[in-house]
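# A structural walkthrough
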Amino acid sequence: MALTRDDVKRAARLARIAIDEREADEVLGQLGRIFGMIEEMQAVDVSGVEPMSHAQDVTLRLRDDVVTEADQHELFQGIAPKVENGLYLVPKVIE
Amino acid sequence: MHRQTLKSLSDALEAGKVSSVELTGVFLKRIAERNAVYNCFVSIDEERSLAQAGEADRARAAGRAQALTGIPIAQKDIFCAKGWLTTCGSKMLSNFVSPYDAHVVQRLNEAGAVTIGKTNMDEFAMGSSNETSWYGPVRNPWNTDTVPGGSSGGSAAAVASRLAPAATGTDTGGSIRQPAALNGICGLKPTYGVCSRYGMIAFASSLDQAGPMARSAEDMALMLNAMAGYDPRDSTSLDRPAEDYTRNLARPLKGLRIGLPKEFFAEGVQPDVAKAVDEAIREYKALGCEVVEVALPNMRLSVPVYYVLAPAEASSNLARFDGARYGYRTPEYRDLEEMYEKTRAEGFGAEVKRRILIGTYVLSHGYYDAYYIRAQKLRRLIAQDFTAAFEKCDVIMGPTSPSTAFRLGEKAADPLQMYLSDIYTIAVNLAGLPGMSIPCGFDSQGLPVGLQVIGNYFREAQMLNVGHQYQLATDWHTRAPADIQT
């Protein structure tokens, strides 16, 4: 299936990356070739093969639900773009 | 002093011939004089490095020295290091001073190593030439018109140009091994899970693995001793007993079975590269090794599979860069959506955006089974090929990269060509196996060739033995670029 400019714009929208028409066209050309290469996967019979998500097939560990870290919010918020009263500031979402 | 290996510098420190402050000063001076040529380092903090060196000297005086105590190590800028600018080669993190240490950095600090600086890299480790860095390309010290490879190109070029005795790297699809090969140095990607990913800025979490880059197998063994170890903060870190990776170095190789996959010697490999690898295999035979043919029939699918799985994981991992809590934020925006979209459009470079878009697309509704699940199934077939091959051999060998260093700009406009330069390394990450590159010769232009050695799971000590014995019999790893001789 051929990738369209609308597919590119939709993916950019989902990924929250602003993209204009010119960029969408440029990316479309490059992604078209990359997906052409990716399509090689479709030629192989994978029936009966279990998907492999991880190299070691380990199960994720659970930890006890206890506090392990000290409060370092001042240190961490010291590098934030905008902070007030210990809160990260972003534009108003609800009018 | 800068021409010595990590091991000989360690011995000199132990013998009291030099202090860490002196040694650190030697490398800082070299960096100040030469970094402008190669662009290996993106951050230097002389005061911080010298303070760490002073501490190392005091630890030694107090009888608390280990092998790496006082040794300057370059850290790839993907590793968070407390108080250091940690940019991951991106405008997005160009103002990010890390408030904490990555586990690998913490382990090296505890071992007494001195952080000599942070090295340049492809943006978010996405690249094979170091040309995607926000800080400009790194130049290969063997020929400054060529690329150093990537993504750990700054680390590799720093070691090759003798601006650091050793460096850290990370490898998602070849990012330690390919630049090691192109710079005539050694690089090892351990088994997935051996080094903690905590504080290592995530690209594709099921593939990312940290490892050492150095001048010899012995130096890498010393580095890995410090870097490896269980860390509960990384859910995929493996809880295994500590290993001494130097323990097998001296073992003779007689009887070792080397598997040669015919897929590694098919079309597409540069003749000079094939020739150097063939000669290395001959050397191994002379050391008493046996050669067997093995097959990796699904390896040809590793590039397509990788370019589904890695972007899919990246699109998820890189969602965190939104301008809200740290890093770059666009200066002007009307609402929250626009803040996100402009921050990410301006903060990420073209290659990173390309991969986020691929990943978003293959994970989106309607395409998930055709791309993501299918790629995961093929991943299993690729891993099973290796399992079958290791029934017939102890290690697998072949070229690390199909070509030697290519010219700056040569592949920059053609992402697909760039992706194919990792054709021999990617399958190893998909399987989670350990892989290593060691220098094994030069092409007709005098550019280095790397031999790839792939081991079975957790056989790093055996691979380092395989590297060390070859390096006792040959001198490729001691060669340096012409202007480094002095």
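Looking only at helices and strands, chain A features 3 helices and 2 strands. Its helices and strands taken in sequence order, chain A reads α-α-α-β-β from the N to the C terminus. A compact globule built from 95 residues should have a C-alpha radius of gyration of about 12 Å, whereas chain A, at 22 Å, is more than 25% larger. Seen along its three principal axes, the alpha-carbon backbone of chain A occupies a region of about 55 × 45 × 25 Å. For chain A, the proportion of its 95 residues judged to be buried stands at 15%.

Looking only at helices and strands, chain B features 15 helices and 11 strands. Since a compact globule built from 486 residues should have a radius of gyration of about 23 Å, the 21 Å found for chain B is in line with a globular shape. Here chain B holds 486 residues, and 63% of them are scored as buried. A fraction of 76% describes how many contacts in chain B between residues 6 or more apart in sequence connect residues 24 or more apart.

On the secondary structure map, B:V18 appears in the loop between helix 1 (6-14) and helix 2 (20-38). Given 16 C-beta atoms within a 10 Å radius, B:V18 is considered partly exposed.

Below, the discussion takes up the domain arrangement of chain B. Residues and elements named next belong to chain B. Assigned domains within chain B: domain 1 (6-257 + 463-479) and domain 2 (299-379). Just the C-alpha atoms count here: the centres of domain 1 and domain 2 sit 28 Å apart. Each side of the interface is counted separately: domain 1 has 21 residues, and domain 2 has 17 residues. Along the lines of polarity and charge, the residues of the side of domain 1 that touches domain 2 split into 10 nonpolar, 9 polar and 2 charged.

All names here are of chain B. The strand order across the open sheet built from 11 strands is 1-3-2-4-6-5-10-11-9-7-8, with neighbouring strands paired in mixed fashion. Because the sheet does not close on itself, it has two edges, and the strands there are strand 1 (41-43) and strand 8 (290-294). Averaged over all pairs of adjacent strands, the angle between strand axes in this sheet comes to 35 degrees, irrespective of strand direction. Here strand 10 (residues 435-442) runs beside strand 11 (residues 448-455); their pairing, made up of 7 bridges, is antiparallel. For S437, the partnering residue across the bridge sits in strand 11 and is Q452.

The interface is formed by 52 residues belonging to chain B together with 41 residues belonging to chain A. Of all the secondary-structure elements, those providing two or more residues to the side of chain B that touches chain A are helix 9 (302-317), helix 10 (336-347), helix 11 (350-363), helix 12 (368-389) and helix 13 (415-420) of chain B. For the side of chain B that touches chain A, the class distribution of residues is 30 nonpolar, 10 polar and 12 charged.

All names here are of chain B. As defined by bridge partners, strand 7 (residues 257-261) adjoins strand 8 across 5 bridges and the pair is classed as parallel. Considered in strand 8, the bridge of G259 is made with V292. Between strand 7 and its parallel partner strand 8, the chain crosses via helix 8 (residues 271-286), and the hand of that crossover is right-handed. Pairing of strand 7 with strand 9 (residues 395-399), which is carried by 2 bridges, proceeds in the parallel orientation. Pairing of G259 across the sheet is with I396, part of strand 9.

So, on to unusual backbone geometry. Residue B:S151 is bonded to the preceding B:G150 through a cis peptide linkage, with omega at 10 degrees. Position of B:S151 among the secondary structure elements: in the loop between strand 3 (114-119) and helix 5 (153-160). With a phi close to 50 degrees, A:N85 is a non-glycine residue in the positive phi region. For A:N85, the location among the structural elements is in the loop between strand 1 (83-84) and strand 2 (87-88). For A:N85, a count of 5 C-beta atoms within 10 Å translates into the label exposed. A positive phi angle, near 70 degrees, is found at B:A125, a position not held by glycine. Take B:A125: there are 30 C-beta atoms within 10 Å of it, and that puts it in the buried class.

Time to look at the nonpolar core. All names here are of chain B. I73, V159, A164, M213, V308 and L357 are the most contacted members of the largest nonpolar core, which totals 165 residues. When residues are assigned to domains, this core turns out to be shared by domain 1 (6-257 + 463-479) and domain 2 (299-379), each giving three or more. Sequence-distant contacts of M213, that is, excluding residues within four places in its chain, are made with S152, S155, A156, V159, A166, A167, G169, I176, A180, I185, C186 and G187.

Moving on, we get to helix 9 of chain B. Taking 1.5 Å per residue, 16 residues should reach 22 Å; helix 9 of chain B reaches 21 Å between its end C-alpha atoms and fits that length. With 13 of 16 residues buried, helix 9 of chain B is to be regarded as a mostly interior element.

Before going further, it helps to examine the confidence of the model for chain B. Close inspection of predicted coordinates is inappropriate for parts of the model with low pLDDT. Residues with a pLDDT of 70 or more make up 100% of chain B, whose mean pLDDT is 97. At the level of chain-chain contacts, confidence expressed as ipTM amounts to 0.95, with global pTM at 0.97.

A separate point is the packing of helix 2 of chain B against helix 3 (residues 46-61) of chain B. Residues and elements named next belong to chain B. Viewed as axis vectors pointing N to C, helix 2 and helix 3 meet at an angle of 155 degrees, and their least axial separation amounts to 8 Å. Classed by the angle they form, the pair helix 2 and helix 3 counts as roughly antiparallel. The two elements helix 2 and helix 3 cross, and the hand of that crossing is right-handed. Residues S20, V21, T24 and L28 of helix 2 pack against E46, S49, L50, A53, G54, A56 and D57 of helix 3. Split by residue class, the contact of helix 2 with helix 3 holds 5 nonpolar, 4 polar and 2 charged.

Reading guide: rules and limits
Residues numbered from 1 in each chain as written. Chains lettered and ligands numbered in written order. Predicted model: local features only at pLDDT ≥ 70, side-chain atom pairs only at ≥ 80, totals over all residues. Helix = DSSP H or I, 4+ residues; strand = E, 2+ residues; numbered from the N terminus. Rg over C-alpha atoms; globule rule 2.2 N^0.38 Å. Buried ≥ 20, exposed ≤ 12 C-beta atoms within 10 Å, placed from the backbone. Contact = placed C-beta atoms within 7 Å. Domains from an automatic or database assignment. Nonpolar A, V, L, I, M, F, W, Y, C, P; charged D, E, K, R; others polar. Pairing = 2+ DSSP bridges. Axes fitted to C-alpha atoms, helices over the stretch in contact; angles between N-to-C directions. Right-handed = clockwise from strand over helix to strand, strands pointing away. Core = buried A, V, L, I, M, F, W, Y, C linked by C-beta atoms within 7 Å. Expected span 1.5 Å × (residues − 1). pLDDT = per-residue confidence, 0-100. Parallel < 35°, antiparallel > 145°, perpendicular 65-115°, else oblique. Left-handed = near helix turned anticlockwise from the far one by under 90°.

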